[in-house]
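As a plain string of letters, each chain reads:
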Amino acid sequence: MTLENGLTVEGTSYFLESVSLSNLTLYYGKGNMSKVICNDTALDRNEVVGKVVLCDSNNLNVSQKIIEVERAGAYAAIFFTDISLSLFPQEYSIPSLILTNASGTLVKEYVTRVKKPKVKSMKFVFTKFGKKRAPQVAIFSSKGPNPITPGILKPDIVAPGVDILAAFIPNKPLIKVGNHDLTTNYALLSGTSMSTPIVAGVGALLKAVHPKWSPAAI
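About the criteria used
Residue numbers run consecutively from 1 along every chain, following the written order of its sequence. Residues qualify for local features only when their pLDDT is at least 70, as the model is predicted, and side-chain atom pairs are given and counted only at 80 or more; totals for whole chains, interfaces and linings, by contrast, use all residues. The side-chain figures draw on all heavy atoms in the structure; neither hydrogens nor water molecules are used. Helix and strand assignments follow DSSP, with helices taken as H or I runs no shorter than four residues and strands as E runs no shorter than two, numbered in order from the N terminus. Per-residue accessibility, obtained with a 1.4 Å probe over protein chains only, is compared with the maximum for each type, and a residue is labelled buried under 20%, exposed over 50%, and partly exposed between these values. The contact rule is simple, with two residues in contact once any of their heavy atoms fall within 4.5 Å. Accessible surface area values rest on a Shrake-Rupley calculation with a 1.4 Å probe, where residue burial reflects the displayed protein chains alone. Positive charges come from Lys and Arg alone, negative charges from Asp and Glu alone, with His and the N- and C-terminal ends not counted. One atom stands in for each charge, and that atom is NZ of Lys, CZ of Arg, CG of Asp or CD of Glu. To estimate how far a helix should extend, the number of its residues minus one is multiplied by 1.5 Å. Here, nonpolar core refers to any group of buried Ala, Val, Leu, Ile, Met, Phe, Trp, Tyr and Cys residues whose side-chain atoms link them within 4.5 Å.

**Student:** Sorry, what's going on with the overall build of the chain here?
**Tutor:** Within the chain, the secondary structure is distributed over five helices and ten strands. Counting only C-alpha atoms, the chain reaches 70 × 40 × 35 Å along its principal axes. Burial analysis of the chain (218 residues in total) assigns 34% to the buried set. The contacts of the chain with a sequence gap of at least 6 include a subset with a gap of at least 24, amounting to 63%. With an accessible surface of roughly 13,400 Å², the chain has 57% of that area assigned to carbon and sulfur atoms. A distance of 5 Å separates the average location of the 23 positive side-chain charges in the chain from that of its 15 negative side-chain charges.

**Student:** Which parts of the structure should I look at to understand the side chain of S195?
**Tutor:** Checked against the element boundaries, S195 lands in helix α5 (residues 192-209). We classify S195 as buried; its relative accessible area is 14%. Setting aside residues up to four positions removed in sequence, S195 forms contacts with A159, P160 and G161.

**Student:** Explanation requested: α5 in the structure shown.
**Tutor:** A turn of α-helix holds 3.6 residues, and therefore any two residues three or four places apart point the same way. Between its first and last C-alpha, α5 extends 26 Å over 18 residues, near the 26 Å set by a 1.5 Å rise per residue. All of the buried residues along α5 are M194, S195 and G203. Against the buried residues of α5 lie β7 (164-167) and β10 (186-189).

**Student:** Where do I start with the nonpolar core in this structure?
**Tutor:** Side chains of nonpolar character tend, in soluble globular proteins, to be buried together. Of all hydrophobic cores here, the largest spans 49 residues; its most connected members are M1, L26, V53, V69, I78 and F79. When residues in this core are grouped by element, the largest group, five residues, is from strand β4 (residues 76-80). Beyond its immediate chain neighbours, meaning those up to four positions away, I78 contacts M1, L26, V52, V53, L54, C55, L97, L99 and M122.

Keep in mind that these numbers describe shape and distance, not what the molecule does.
Listed below in structure tokens is the structure:
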């Protein structure tokens, strides 16, 4: 995304349409905290319709905020959060972008200084390769210690479970965009169901090499 002042930031989006937005007004509900964080029923349709709405998620539920932005008639949305996987792919019902709080601060500085802030361009359906990130445990991952046995720390092993390209039911809609139900043979899925097969496979390999090991040892 590039703002009218030339600032360019990259974010995360699973919006499936190959669209390019340009010359759209930015809306930020400064001075009203409910509008700033896009609370339920907080946004005024007369203020946001056809605009790009900024939502400072405060690391709260982003899923509910995109519903509110769509309800108010906004054309697109930008959410500030450091929570990994804030929205699942099927929740991107309108063009939306997830920015880290660090990038979001730069955008907020611009929108609060300028009288008529605008998005110069916002493009979707681009994939960037070769960027290595430090490991981060997903928000849905199990967390320790075990409440029944505090002496046992769980999880003691983790595996990739976010954005796993997996087979999908071809006759079941993945997402509804506008009036269209989109189907696919493969989709980016996330959850413990994605990481479990990886851990199970590693366990099977260990069992093959060490057939006498107990499940606890493995």
